[in-house]
Amino acid sequence: MAQAQGDHATAALAAVTLARLRHRETELVTLAGDAATPPALGYQLPFPVTTPTSARRLARGLVAGLLSAKAAELRGAAGNEQALTGLVRWLAETAVLGTRWGSPLPAFPGLSAP
């Protein structure tokens, strides 16, 4: 939606963001194997997305939500070096994606007080 409703710069950034997230999705599905669940077919938008401004707002919110969701998994990965390393890498990549959409760079995602 961000790509479709954005101006040229927003659409280009959305394309790069989607490519990174699709690559990450492929990695996760491969790691999960048969335990992977099918993706949702669609999502309810949190607000109407009809302008480049709302497209950027949507993308910024979605990346922030992804960052929060992955940060919440850090405690569960304690003691599993491979899982923790993967999460930290994905958190860093997601934080960088967020900065491209205008979000501030967190000091270290997942370790700040709620």
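Just so we're clear, the structure is a prediction, and the values are computed from it rather than from any experiment. (Residues numbered from 1 in each chain as written. Predicted model: local features only at pLDDT ≥ 70, side-chain atom pairs only at ≥ 80, totals over all residues. Heavy atoms only, no water.)

In this section: the overall build of the chain. For the chain, the count of helices and strands is 5 helices and 0 strands. Helices (α) and strands (β) of the chain occur, in sequence order from the N terminus, as α-α-α-α-α. Overall, the chain is about 45 × 35 × 20 Å in size when its C-alpha atoms are taken along their principal axes. In the structure as shown, the chain presents an accessible area of about 7,700 Å², 62% of it carried by carbon and sulfur atoms. Side-chain charges of the chain comprise 10 positive and 7 negative groups, with the mean position of each set lying 10 Å from the other. (Helix = DSSP H or I, 4+ residues; strand = E, 2+ residues; numbered from the N terminus. Areas by Shrake-Rupley, 256 points an atom, 1.4 Å probe, with all protein chains shown as cover. Lys, Arg positive; Asp, Glu negative; His and termini not counted. Charge placed at Lys NZ, Arg CZ, Asp CG, Glu CD.)

Further remarks concern the packing of helix 3 (residues 52-71) against helix 5 (residues 81-100). Look at helix 3 against helix 5: their axes get within 9 Å of each other, and the N-to-C directions meet at 160°. Of the possible angle classes, the one that applies to helix 3 and helix 5 is roughly antiparallel. Judged by the sense of rotation from one axis to the other, the crossing of helix 3 with helix 5 is left-handed. On helix 5, the residues that touch Arg56, Val63, Leu66, Leu67, Lys70 and Ala71 of helix 3 are Leu87, Leu91, Thr94, Ala95, Leu97, Gly98 and Arg100. Looking at the contact of helix 3 with helix 5, its residues break down into 8 nonpolar, 2 polar and 3 charged. (Axes fitted to C-alpha atoms, helices over the stretch in contact; angles between N-to-C directions. Parallel < 35°, antiparallel > 145°, perpendicular 65-115°, else oblique. Left-handed = near helix turned anticlockwise from the far one by under 90°. Contact = heavy atoms within 4.5 Å. Nonpolar A, V, L, I, M, F, W, Y, C, P; charged D, E, K, R; others polar.)

This structure, assessed with the given rule, holds 5 salt bridges. We note a salt bridge from arginine 20 to glutamate 93, for which the minimum N-O separation is 3.1 Å. Of this pair, arginine 20 sits in helix 2 (residues 8-32) while glutamate 93 sits in helix 5, placing them 73 residues apart in sequence. Owing to a relative accessible area of 30%, arginine 20 belongs among the partly exposed residues under this scheme. With a relative accessible area of 22%, glutamate 93 lands in the partly exposed category. Notably, a salt bridge pairs glutamate 93 with arginine 24, separated by 3.4 Å at the nearest N-O pair. Of this pair, glutamate 93 sits in helix 5 while arginine 24 is found in helix 2, placing the two residues 69 residues apart along the sequence. (Salt bridge = Lys/Arg side-chain N within 4 Å of Asp/Glu carboxyl O. Buried < 20%, exposed > 50% of the residue type's maximum accessible area, 1.4 Å probe, protein only.)

This paragraph deals with helix 5. Taking 1.5 Å of rise per residue, the 20 residues of helix 5 would be expected to cover 28 Å, and the 29 Å separating its terminal C-alpha atoms lies within 8% of that figure. Inspection of helix 5 places Gly86, Leu87, Trp90, Leu91, Thr94, Ala95, Leu97 and Gly98 among the buried residues, and these make up the whole buried set. Glycine 102, located one to two residues past helix 5, shows a positive phi value of around 100°. (Expected span 1.5 Å × (residues − 1).)

Considered as a void within the structure, the largest pocket measures approximately 1,200 Å³ in volume. In terms of lining, the largest pocket is formed by 29 residues, of which the most central are Leu18, Leu21, Tyr43, Leu62 and Leu66. When residues of the lining of the largest pocket are traced back to their parent elements, those giving at least two are helix 1 (2-5), helix 2 and helix 3. Per element, the largest residue contribution to the lining of the largest pocket is 10 residues, and it comes from helix 2. Residue classes in the lining of the largest pocket are distributed as 21 nonpolar, 4 polar and 4 charged. (1 Å grid on protein atoms, 1.4 Å probe; cavity = no way out; pocket = protein on both sides within 12 Å on 5 of 7 lines; lining within 4 Å. Points joined across faces, edges and corners; volume = space filled by probe spheres on them.)

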